[in-house]
Amino acid sequence: MGDSGPEVRAAYDAMAQDYAATFPTTEPEAAVDLAMLDHFLRLVREAGGAHVLDAGCGTGRMARYVADRGFAVSGVDLSPGMLAMARRDHPDLDVREGSLTDLPFEDAAFDGVLLWYSLIHLTADELPGALDEAFRVVRPGGAVLTGFQVGDGPSDVGARLRERGHDVVLVRHERGIKAMLDAFAAAGFVKEARLVRRAVGREQEPQAFVLARRPA
Ligand SMILES: C[S@@+](CC[C@H](N)C(=O)[O-])C[C@H]1O[C@@H](n2cnc3c(N)ncnc32)[C@H](O)[C@@H]1O
């Protein structure tokens, strides 16, 4: 676990029930977000693969989406509270505790790795280690997809949670698309696609998605 780990774990443990109730499915995702996810899954399948790691799976709603499309899915997350919700709501899914910076899986164990809004709490110092781990556990030719809020630097997202009664500190480390693309390239990935879209609904920042492959 990186330096941010204990605070992130405590914050997500505290909000786990609310999170599961507020975001039970992919309904909050914009259609274009899910188009990126579907494209990622298509690449995984076209490459002959079927096993996806949902890294930072939280309550399991994205793992559910992937599993319902015929893929084998494993999930990993730092927060026992979020994992408890995943096990309650999706008892058929395989989820376990672990850190993005030290994934509890063998080399090349997966055909695809999904990092859906899970790199967002990693500092600039921690991000390279997490992407190195994603590179290690995805097989050559496999795909990786991440989604994140676009911004510049740390943002105290705990304030909103504290207003809702959660006694937590939670920092989101926002970055631009170039910083994320550079970090993926530094880990050895080759870019497949990227998307930046404007904020919609209750979102306050533009949202971005990076899809990349580990070279075959
Ligand atoms: C915004 S939530 C997204 C959860 C899920 N991917 C979704 O879209 O509903 C971020 C998740 O990433 C997890 N997370 C953050 N940093 C992590 C780390 N270093 N290692 C493992 N999980 C982490 C949190 O515990 C939380 O469940």
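Please refer to the structure higher up on the page.
Parameters and conventions
Residues numbered from 1 in each chain as written. Predicted model: local features only at pLDDT ≥ 70, side-chain atom pairs only at ≥ 80, totals over all residues. Heavy atoms only, no water. Phe/Tyr/Trp six-rings, centres within 6.5 Å; stacked < 30°, edge-to-face > 60°. Helix = DSSP H or I, 4+ residues; strand = E, 2+ residues; numbered from the N terminus. Buried < 20%, exposed > 50% of the residue type's maximum accessible area, 1.4 Å probe, protein only. Lys NZ or Arg CZ within 6 Å of the ring centre and 35° of its normal. Pairing = 2+ DSSP bridges. Axes fitted to C-alpha atoms, helices over the stretch in contact; angles between N-to-C directions. Contact = heavy atoms within 4.5 Å. Polar contact = N/O pair within 3.5 Å; in protein donor to acceptor, adjacent residues only side chain to side chain. Near = heavy atom within 4 Å. Core = buried A, V, L, I, M, F, W, Y, C linked by side-chain atoms within 4.5 Å. Right-handed = clockwise from strand over helix to strand, strands pointing away.

## Comments concerning the packing of aromatic side chains
All told, the structure shown has eight aromatic pairs when counted by the stated rule. Judged by centre distance (5.2 Å) and plane angle (70 degrees), the ring pair of Phe135 and Phe189 falls under edge-to-face. With Phe135 in helix 5 (residues 127–137) and Phe189 in the loop between helix 7 (177–187) and strand 8 (190–197), this pair connects stretches of sequence that are 54 residues apart. Judged by its relative accessible area of 5%, Phe189 falls in the buried class. Taken together, the aromatic side chains of Tyr12, Tyr19 and Phe23 make up a single cluster linked through ring pairs. In this structure, Arg69 packs its charged tip against the face of Tyr65, placed 3.5 Å from the ring centre.

## Observations regarding the sheet that holds strand 8
The strand order 3-2-1-4-5-9-8 describes an open sheet built from seven strands, whose pairing is mixed. The sheet is open, and its two borders are formed by strand 3 (94–97) and strand 8, each paired with just one other strand. Within the sheet, the average angular offset between the axes of one strand and its neighbour, ignoring direction, is 15 degrees. Where strand 1 (residues 51–55) lies against strand 4 (residues 110–116), three bridges are found, and the strand directions are parallel. Counted as the bridge partner of Leu53 is Val113 from strand 4. Sitting on the sheet, helix 2 (residues 31–46) touches strand 1, strand 4, strand 5 (138–149), strand 8 and strand 9 (207–213), and the angle it makes with strand 4 is about 165 degrees.

## Here we look at helix 4 (residues 80–89)
Among all positions in helix 4, only Gly81, Met82, Leu83, Met85 and Ala86 are buried. Looking at the packing, one finds that the buried side of helix 4 touches helix 1 (5–22), strand 2 (72–77) and strand 3.

## Points about the environment of Arg136
Looking at the secondary structure, you find Arg136 in helix 5. Residue class for Arg136 comes out partly exposed when judged on its relative accessible area of 22%. For the pair Arg136 and Glu106, spaced 30 residues apart in the sequence, the C-alpha separation amounts to 8.2 Å. Among residues more than four places away in sequence, those in contact with Arg136 are Leu103, Phe105, Glu106, Asp107, Ala108 and Arg214. Engagement of the side chain of Arg136 in a polar contact is seen with the side chain of Glu133, the distance being 2.8 Å.

## Topic: the site of the ligand
In the vicinity of the ligand lie 19 residues, with Tyr19, Gly56, Arg61, Asp77 and Trp116 positioned nearest. One nitrogen or oxygen atom from the main chain of Gly56 is found 2.8 Å from a nitrogen atom belonging to the ligand. A distance of 2.9 Å separates a nitrogen atom of the ligand from a polar backbone atom of Leu100. Mapped by element, the contributors of at least two residues to the shell around the ligand are helix 1 and helix 3 (61–67).

## A closer look at the nonpolar core
Soluble globular proteins tend to bury their nonpolar side chains together. Leu37, Phe40 and Val113 are the most contacted members of the largest nonpolar core, which has 59 residues in total. In terms of residue count, the dominant contributor to this core is helix 2 (seven residues). When near neighbours in sequence (up to four residues on either side) are disregarded, Val113 contacts Phe40, Leu53, Ala55, Ala134, Val137, Val138, Ala143, Val144 and Leu145. Membership of the second largest hydrophobic core comes to 13 residues, among which are Val8, Tyr12, Val157 and Val168.

## Let's talk about the pairing of strand 4
Taking burial as the measure, the seven residues of strand 4 include seven buried ones, the bulk of the element. The pairing of strand 4 with strand 5 spans six bridges and is classified as parallel. The residue of strand 5 that forms the bridge with Val113 is Val144. This β-α-β element, strand 4 to helix 5 to strand 5, shows right-handed connectivity.

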